[in-house]
Amino acid sequence: MKIPIVQREAYTIYFERVLGNTFVHCDVYRWSKTSKQASLKDWEALCLLHNAPIYAYHVVGDKKHLKFLETFGFRYLKEGLGNDLKLIQIYIKETPNG
């Protein structure tokens, strides 16, 4: 179950626990330079507070999502199959103390 952690007019950041790990999801409603800067600040604060690795699913071939992951400091971890049997990649964001 996705739990909203940060709710803003331009975006919502969710956490989801999967097999003891935290995965992040983000719905973007309006992307601009200002919302990007605000989301990076919120993300930095979340990482400090969470204090453990955060994971993200990535569907292979989605270039816009890959750029988003890179912007927020994720790095590639491994590849596998999603619930729909499509190829996915798992990315990880190491937090400062986790």
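Note: the structure precedes this text.
Being a predicted model, the structure only gives us computed values, none of them experimental.

Turning our attention to the layout of surface pockets. Roughly 300 Å³ of internal volume is contained in the largest pocket. As for the largest pocket, its lining consists of 16 residues, and the residues nearest its centre are Val24, His25, Cys26, His65 and Phe68. Put simply, the parts of the chain that give the lining of the largest pocket at least two residues each are β3 (21–28), α1 (33–50), β4 (54–59) and α2 (63–71). In terms of residues, the lining of the largest pocket owes the most to one element, β3, which gives five residues. In the lining of the largest pocket, the residues fall into 11 nonpolar, three polar and two charged.

So, on to the environment of arginine 8. Looking at where arginine 8 falls in the secondary structure, it is placed in the loop between β1 (3–7) and β2 (11–18). The class of arginine 8 is partly exposed, set by a relative accessible area of 43%. In sequence terms arginine 8 and serine 35 are 27 residues apart; their C-alpha atoms lie 9.1 Å from each other. Those residues in contact with arginine 8 that sit more than four places away from it in its chain are Tyr29 and Asp42.

Rules and cut-offs
- Residues numbered from 1 in each chain as written.
- Predicted model: local features only at pLDDT ≥ 70, side-chain atom pairs only at ≥ 80, totals over all residues.
- Heavy atoms only, no water.
- 1 Å grid on protein atoms, 1.4 Å probe; cavity = no way out; pocket = protein on both sides within 12 Å on 5 of 7 lines; lining within 4 Å.
- Points joined across faces, edges and corners; volume = space filled by probe spheres on them.
- Helix = DSSP H or I, 4+ residues; strand = E, 2+ residues; numbered from the N terminus.
- Nonpolar A, V, L, I, M, F, W, Y, C, P; charged D, E, K, R; others polar.
- Buried < 20%, exposed > 50% of the residue type's maximum accessible area, 1.4 Å probe, protein only.
- Contact = heavy atoms within 4.5 Å.

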